[in-house]
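The lines below spell out each chain.
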Amino acid sequence: MASTRPNEIFNTQNNGSKIHREPASDSSCHIVIIGAGVAGLACARYLTHSLEKKSYKITILEARDRVGGRTLSIPELNLDLGASWIFSPHTAALSLVRELNIGTIDQYEDGISLMKSGNSDVRRMRLGEIHNGAIRLKGGAGSLCATLLNELTVKNQTTVAVQLNSPVISITYETNQKLNIELRDKKSIVADYVVLALPPKLFISTIEITPQLPKSLTEELSDCDTWMASTCKAILQYERAWWKDQKLSGFAVSRQSKAQEWHDASSDTCNALFVFCLSGTTKQQVIDATVKIFGNEAINPTAIHMVDWSNERFTSGSTDHSFGGHAHASNICRQSQWNGRLWFGNSEVSDAHGGFIEGAVRRGAQVANQLAELIVGK
Ligand SMILES: Cc1cc2nc3c(=O)[nH]c(=O)nc-3n(C[C@H](O)[C@H](O)[C@H](O)COP(=O)(O)OP(=O)(O)OC[C@H]3O[C@@H](n4cnc5c(N)ncnc54)[C@H](O)[C@@H]3O)c2cc1C
């Protein structure tokens, strides 16, 4: 199947982004992408397509010991501890999934849903469509990043390098127009262009920038909440999907406990419920709340997996306490800085669907498209 180029998904207008046409003077240019989540990896993929005929090198610097960022899966069980759904209006993400040949799983939602508010009894309700046609991915949402990584490093061995365990601590724009990137281990890397594919709030609080960015931009980036950064997600695995036996959808909401929202997470490899919780929730609190709303069948999960994203320093930083709100970054956050050398390229700064996987794919493609135009000098 022919792969989609970024300018086939998005028109080549700049969406408010100001591009100063100052391509790197060297015949070979070095692009550094900071962050190997969906946005950073998608950006690298689209750049490799657009720069096919140019001499270039892409280095992806990732702070963690894994790629994926806010996608984190247990692939053999098709389970997600981070993002899980791609919704039907999320067309850029869906076409990327198709191009990469990743299998999908329809979100199960047949049957009765349960609601508990205050001290009231559990109410049973037959809801219409709950998940807006959402799908999950075979191998979990992490398979999107794993497949992108595989494609980038196998097909583009000579042009793309991914460096794990490499947190960036500072970026300096030198007078010779090069960017000097310093890593936590004090090593430094010189680049012609840098794409910041990490949450803006995290970038502002953890990476030192010289010279300083305009105050209005810094303020806006600091206010840009990182979606789900303070959520805790738990998965309860069971021998049987007993809720399906009881004609329940697996969807439930409680505002009475720290565990607040349940969804079916089963597939042909396991039976499971996943639960969105407030940060700081314990495994026992998840089980207790699940028993309270679903009954005693829930008491003995065969396994429980949990990630509290508020403790993830490469997602939430110390200042991010946002749960549900989606970022609405204005055009100023989509403008490149330092004569087109510095770009903001993560989901939260997308012009649409910010905070979702869709925003990450869209923004990765937009930055790749605009940067490639600048480099190729069209
Ligand atoms: C619990 C949870 C559930 C979610 N559910 C959904 C869902 O169902 N559907 C959906 O569409 N979205 C969902 N999301 C949101 C989705 O995960 C994000 O929109 C998407 O993954 C963002 O990708 P990104 O690449 O922009 O950012 P990130 O995934 O945050 O990637 C940023 C990367 O930068 C790295 N990094 C950070 N600091 C540095 C540094 N100093 N140096 C180098 N690297 C650094 C990080 O380690 C990370 O890999 C969910 C998120 C969570 C946490």
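Residues numbered from 1 in each chain as written. Predicted model: local features only at pLDDT ≥ 70, side-chain atom pairs only at ≥ 80, totals over all residues. Heavy atoms only, no water.

- Under an unreviewed UniProt entry, the protein has the name monoamine oxidase and belongs to Rotaria magnacalcarata.
- Taken directly from UniProt, the Sequence similarities (unreviewed entry) text for the protein runs: "Belongs to the flavin monoamine oxidase family." (UniProt positions renumbered as here; feature names shortened; annotations may be inferred.)

1. Considerations on unusual backbone geometry
Thought 1: Here the amide bond leading from T210 into P211 is cis, since omega sits at -5°, within 30 degrees of zero.
Thought 2: Along the polypeptide, P211 turns up in the loop between strand 14 (208–210) and helix 6 (215–222).
Thought 3: Unlike most non-glycine residues, K247 shows phi in positive territory, near 60°.
Thought 4: If you trace the backbone, K247 turns up in the loop between helix 7 (242–245) and strand 16 (248–254). (Helix = DSSP H or I, 4+ residues; strand = E, 2+ residues; numbered from the N terminus.)

2. Regarding the packing of helix 2 (residues 38–50) against helix 4 (residues 142–155)
Thought 1: Running from N to C, helix 2 and helix 4 cross one another at 35°; their axes reach a closest spacing of 10 Å. Relative to helix 4, helix 2 is oriented so that their crossing is left-handed. Touching V38, L41, A42, A44, R45, T48 and H49 of helix 2 are L144, C145, L148, E151 and L152, all from helix 4.
Thought 2: Across the contact of helix 2 with helix 4, the residue classes tally to eight nonpolar, two polar and two charged. (Axes fitted to C-alpha atoms, helices over the stretch in contact; angles between N-to-C directions. Left-handed = near helix turned anticlockwise from the far one by under 90°. Contact = heavy atoms within 4.5 Å. Nonpolar A, V, L, I, M, F, W, Y, C, P; charged D, E, K, R; others polar.)

3. Considering the site of the ligand
Thought 1: Every one of the 35 residues lining the ligand counts as a neighbour, but E62, R70, W85, G355 and I357 are closest to it.
Thought 2: Taking A39, its main chain carries an N or O atom lying 2.9 Å from an oxygen atom of the ligand.
Thought 3: Between an oxygen atom of the ligand and a main-chain N or O atom of G355, the distance comes to 2.4 Å.
Thought 4: Here the ligand has 1000 Å² of accessible area as a free molecule, and 99% of this is covered by the chains.
Thought 5: Going through the elements one at a time, helix 2 and helix 9 (357–376) are the ones with two or more residues in the shell around the ligand.
Thought 6: The residue inventory of the shell around the ligand, partitioned by class, reads 22 nonpolar, 10 polar and three charged.
Thought 7: Composition of the shell around the ligand by domain shows at least three residues from each of domain 1 (6–69 + 142–224 + 327–376) and domain 2 (73–140 + 230–311). (Near = heavy atom within 4 Å. Polar contact = N/O pair within 3.5 Å; in protein donor to acceptor, adjacent residues only side chain to side chain. Areas by Shrake-Rupley, 256 points an atom, 1.4 Å probe, with all protein chains shown as cover. Domains from an automatic or database assignment.)

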